[in-house]
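Inside the fold
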Amino acid sequence: MSHDGVGPRAVMRSVAFLTAGVLAVPALAGCSEKDPAGKPTAGQEIAPADRGRIADGGTLRWAVDALPETLNAFQADADAATSKVAGAVLPSMYRLDANGRPQRNPDYLESAKIVDREPRQVVLYKLNQQAVWSDGREIGAADFAAQWRALSGKDTAYWTARNAGYDRIEKIERGADDLEVRVTFSKPYADWQSLFSPLYPKDVMGTPDAFNDGARRKLKVTAGPFALDTVDKGSGEVRLKRNPRWWGRPAKLSELVLRAVPRDKRTAALAEGRIDLAEIDSTEAHRITLAARDKGKGNGAPLAHGPGAALTPGKSLRSWAIAHGSDEEAADEEILARKKRGKAVAKYADEQSSLRGFEVRKSLEPAFTQLALNGQEGPLADERVRRAVARALDRDELARVVLRPLGLPAEPVGSHLALSGQQAYADNSGALGGQDTKEAQALLADAGWVSGGPVKEEQKEKKAAGAGASKEPAGSEASESSGTPADSDSAEGSDSDEGSGSSEDSGSSGSSSSSDGSDSSDSSTTSGSSDSSDSSSSSDSSESSGDDGTYIVGEDGKPGDDKPGENRAPALLVPAPLAELQRVALLDQAYVLGVHGQVEKAKKAKAGKKQRIGKKQQAETEKQRKKDGPGTSGKVEKNLAHEGRSQFQHGGAPGAYAPKGTAAPGRAAAGPLAKNGKPLTLRFVLPSGPGSQSLRAVGERIARMLERIGIRTEISKVADESYFKDHIASGQYDLALYSWPASAFPATDARPIYSKPVPAADGSLNVEQNYTRVGTDQVDQLFDQAIAELDPGESRSLVRKADARIWAAAGSIPLYQRPQLTAARTNLANAGAFGFQTPLYEDMGFLKKGAKPQASSAP
């Protein structure tokens, strides 16, 4: 799990929601003639090339976040670097193709199939007769059996992180000869293809000591295209070399070096030539794209970007004048500043020149970002409130905010358990429903949250969600620049030809510095909230309301301000006939204001074309009014939703308006929702690190979407290193954004994420990986059925039904697939943004002189 993009039992869902929201869905998920899995949303981009075009030899230096703490992929501290090493040096019976589907690996496996179903499931593996360990011993049943015993969970002396699937094996034995391995299961296991990938030698798995310590820093025996050479903590490198005993296609590279380079230092490392391949963020991708564009301008041409871009001729002249002026103190300061600026410009230019040898390869990761709703306690323990939050979200807009500026397909994810292209995928979001403000408001009302209800005045005692939280405004002027749905096209309209714009430029649709530049600070920025009926100054209001410096979306009304959502009067419910009369009067008033504004504009406009256009618009408006009649909707009502924010103050709910002088209708709720004297406020925890800008931009968009239905959000930005441990895993949040990887075996791998929490022996709640604390017996039963169903089609159907029920429970809302941006040398082939596919390490290499890669499958 990653986050950019990591108590009591959750309340059971009511029979009404279970019936209305879920039971009708499985037919949609399982009965369509068309394959609901579809194709991957984005193809991989790896500069594919035939092996004949690739030179023999060379060293590829691949950046990783850190050296692996262990080389044993089945231990708790294994990471992405561990997986890279294991993929290059160890056997895997199956690997994933470009669609994220498991395929038999012919280098190790000639065949594998279920040969018996009754009385026990038996899988027969036939191994490649050439497959041997680096010490010359054949890969065989002894290695399979040792791994099963280590991972079965029966011997607690093995410090294993997981045993899923291995705990269902009854025995492993030799088949008809040394190349056959018979695996007998005690219980049917649909995901048997997930086992023995990777496969470790019996030397590592044979004893607890060897398992726990023997493979943490070394692997003496391997069986892949590469072998482990050295692990050097001092230089931060893992060095792999060609395996001389490899029987498959020989590796094109002589060496593969995994070098630890922090993400914020990768641009410099690329420019200095220390790495050839690296995952990067959107800011670095933007720089590389600009470097490629500047390639033809020559080395002496000044750059229109970087530290010197803001120095206009006027500013430059002023700087020269100060440096040569009579004020010696000011001159010395300016001379020093000019020297520093000159060095920065020169360094930036040198780096850009070096970055011209790289390109950005992009795809979508096999992982998705979700909004997690903690159902353990508080308002979100009520499924109706969780469903209201979900129905308030425009998931299409959130996907566009992150993906469109990068030139990637901006499509929301429709499943918790798979991604488009994978066999188990189907869009089951219909079990919950799409964005619907009225439905969201109705759900909140049904749950007892009333707009304009009494709120008890009390000192705010709720602290930020955990230590080190920085609470900053999400609805203030600074964050308003990140856009509202009305201006969401700003993200769409960014220059996608750049391939990957920086998040500052376009990746977060103009997300302000308040969400980027000061996130690591532990200080609080106060947005003085006050009651809309209070006419005192903002400072007095802040003191009287017990403001603790926490910004709450929806609680930003200040007398005299014209910002949407401010200066709101409480809603006044009136009888339906009177409400309709006021609605008619309001629309007529909007019409008059619109016509008057156009007339005034026409009078002030210059003679000629502008004046004629104004008159034409006025005539069309008059014609439309006559056609629609006074008080009817027509274009006026349509425009009111879009332009009302600039003419009126937001306020009342549709059909129930207050008298003249109070808040006019708008898209936001009339006032704070309350229940039993308490306002509806949710703690929204976001990471504050420099690589989380897009995640924070999404969080702020979500906060504004929730504000429209009357839900306030208290946003707390916390340090990346404590985000998961101290907040997500411990349940110290109401709302949070983090990501899960998509597995080719969801019945096995996704069950711990969505299973119903159960009480532990010590009285605590065992949530496994279900950090939302939302689960149901029905979901658990469907997972159990899917994992035991040996018919692949029926097993997938059960997984899709489970996903539909997960949607209906609204514990988490999938948003978008994470972008995958990779910087690669332009002559590097068969490497880059892999998407779903397992890398083929033996095919990676550098193109021969004059050779070009094949056409990419990227979108």
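Residues numbered from 1 in each chain as written. Predicted model: local features only at pLDDT ≥ 70, side-chain atom pairs only at ≥ 80, totals over all residues. Heavy atoms only, no water.

Comments concerning a negative patch on the surface
There is a patch of like negative charges on the surface, built from Asp327, Glu328, Glu329, Asp332 and Glu333. Mapped onto the elements, Asp332 comes out in helix α10 (residues 328-355). (Patch = residues over 30% accessible without salt bridge, like charges linked within 9 Å, V, L, I, M, F, W, Y side chains within 5 Å. Areas by Shrake-Rupley, 256 points an atom, 1.4 Å probe, with all protein chains shown as cover. Salt bridge = Lys/Arg side-chain N within 4 Å of Asp/Glu carboxyl O. Lys, Arg positive; Asp, Glu negative; His and termini not counted. Charge placed at Lys NZ, Arg CZ, Asp CG, Glu CD. Helix = DSSP H or I, 4+ residues; strand = E, 2+ residues; numbered from the N terminus.)

Brief notes about the environment of Phe368
Within the secondary structure, Phe368 sits in strand β12 (residues 358-373). On the basis of relative accessible area, Phe368 is assigned to the buried category, the value being 1%. Taking the C-alpha atoms as reference points, Phe368 and Leu419, separated by 51 residues in sequence, lie 8.2 Å from one another. In this structure, Phe368 is in contact with Val413, His416, Leu419, Tyr738, Ser739, Trp740, Tyr754, Pro814, Tyr816, Gln817 and Arg818, ignoring residues within four places of it in sequence. (Buried < 20%, exposed > 50% of the residue type's maximum accessible area, 1.4 Å probe, protein only. Contact = heavy atoms within 4.5 Å.)

Observations regarding the pairing of strand β7 (residues 180-185)
Of all 6 residues in β7, 5 are buried; the element is thus mostly enclosed. Relative to β7, strand β5 (residues 122-127) runs antiparallel, the two sharing 5 bridges. Along β7, the bridge assignment pairs Leu124 with Arg182. Across 5 bridges, strand β6 (residues 169-174) lies against β7 in antiparallel orientation. In the strand pairing of β7, Ile169 is matched with Phe185. From the end of β6 to the start of β7, which pair antiparallel, there are 5 residues. (Pairing = 2+ DSSP bridges.)

Thoughts on the sheet that holds strand β13 (residues 450-451)
Read from one edge to the other, the open sheet built from 3 strands follows the order β13-β14-β15, with strand pairing classed as antiparallel. Both outer strands of the open sheet, β13 and β15 (678-679), are each paired with one neighbouring strand and no more. Here strand β14 (residues 673-675) runs beside β15; their pairing, made up of 2 bridges, is antiparallel. Considered in β15, the bridge of Lys675 is made with Lys678.

Considering the sheet that holds β7
The strand order across the open sheet built from 4 strands is β4-β5-β7-β6, with neighbouring strands paired in antiparallel fashion. Edge positions in the sheet fall to β4 (109-116) and β6, since each has one partner strand and no second. Here the strands of the sheet are splayed against their neighbours by 20° on average, with no regard to which way each runs. Its contacts with the sheet put helix α4 (residues 141-151) on β5, β6 and β7, and the angle it makes with β6 is roughly 160°. (Axes fitted to C-alpha atoms, helices over the stretch in contact; angles between N-to-C directions.)

Examining the packing of helix α25 (residues 777-788) against helix α26 (residues 792-809)
Working note: a packed helix pair is described by the angle between its axes plus the distance between those axes. Here α25 crosses α26 at 165°, and the two axes come no closer than 8 Å. Looking at the two axes, α25 sits roughly antiparallel to α26. Between α25 and α26 the crossing geometry is left-handed. Facing Gln778, Val779, Leu782, Phe783, Gln785 and Ala786 of α25, the residues of α26 in contact are Ser795, Leu798, Val799, Lys801, Ala802, Arg805 and Ile806. (Parallel < 35°, antiparallel > 145°, perpendicular 65-115°, else oblique. Left-handed = near helix turned anticlockwise from the far one by under 90°.)

Side note on empty space enclosed by the protein
Any space left empty among the atoms is revealed by the rolling of a water-sized probe across them. Approximately 100 Å³ is the volume attributed to the largest cavity. Where the lining of the largest cavity is concerned, the elements lending two or more residues are α24 (751-754) and α26. Ranked by residues supplied to the lining of the largest cavity, first place goes to α26 with 3 residues. (1 Å grid on protein atoms, 1.4 Å probe; cavity = no way out; pocket = protein on both sides within 12 Å on 5 of 7 lines; lining within 4 Å. Points joined across faces, edges and corners; volume = space filled by probe spheres on them.)

Thoughts on helix α21 (residues 693-707)
End to end, α21 covers 21 Å across 15 residues, agreeing with the expected 21 Å (1.5 Å per residue, within 8%). Of all 15 residues that make up α21, 15 are buried, and the element is covered over most of its length. (Expected span 1.5 Å × (residues − 1).)

Brief notes about the nonpolar core
Here is a general trend for soluble globular proteins: nonpolar side chains tend to be buried in one another's company. By size, the foremost hydrophobic cluster in this structure holds 169 residues, and its most contacted members are Tyr125, Phe196, Leu371, Ile702, Leu737 and Leu815. Excluding its chain neighbours within four sequence positions, the residues that come into contact with Tyr125 are Leu109, Ser111, Ala112, Phe144, Leu179, Glu180, Val181, Val183, Trp192 and Phe196. (Core = buried A, V, L, I, M, F, W, Y, C linked by side-chain atoms within 4.5 Å.)

Section: the environment of Leu695
Secondary-structure assignment places Leu695 in helix α21. For the pair Leu695 and Val401, spaced 294 residues apart in sequence, the C-alpha to C-alpha distance is 9.8 Å.

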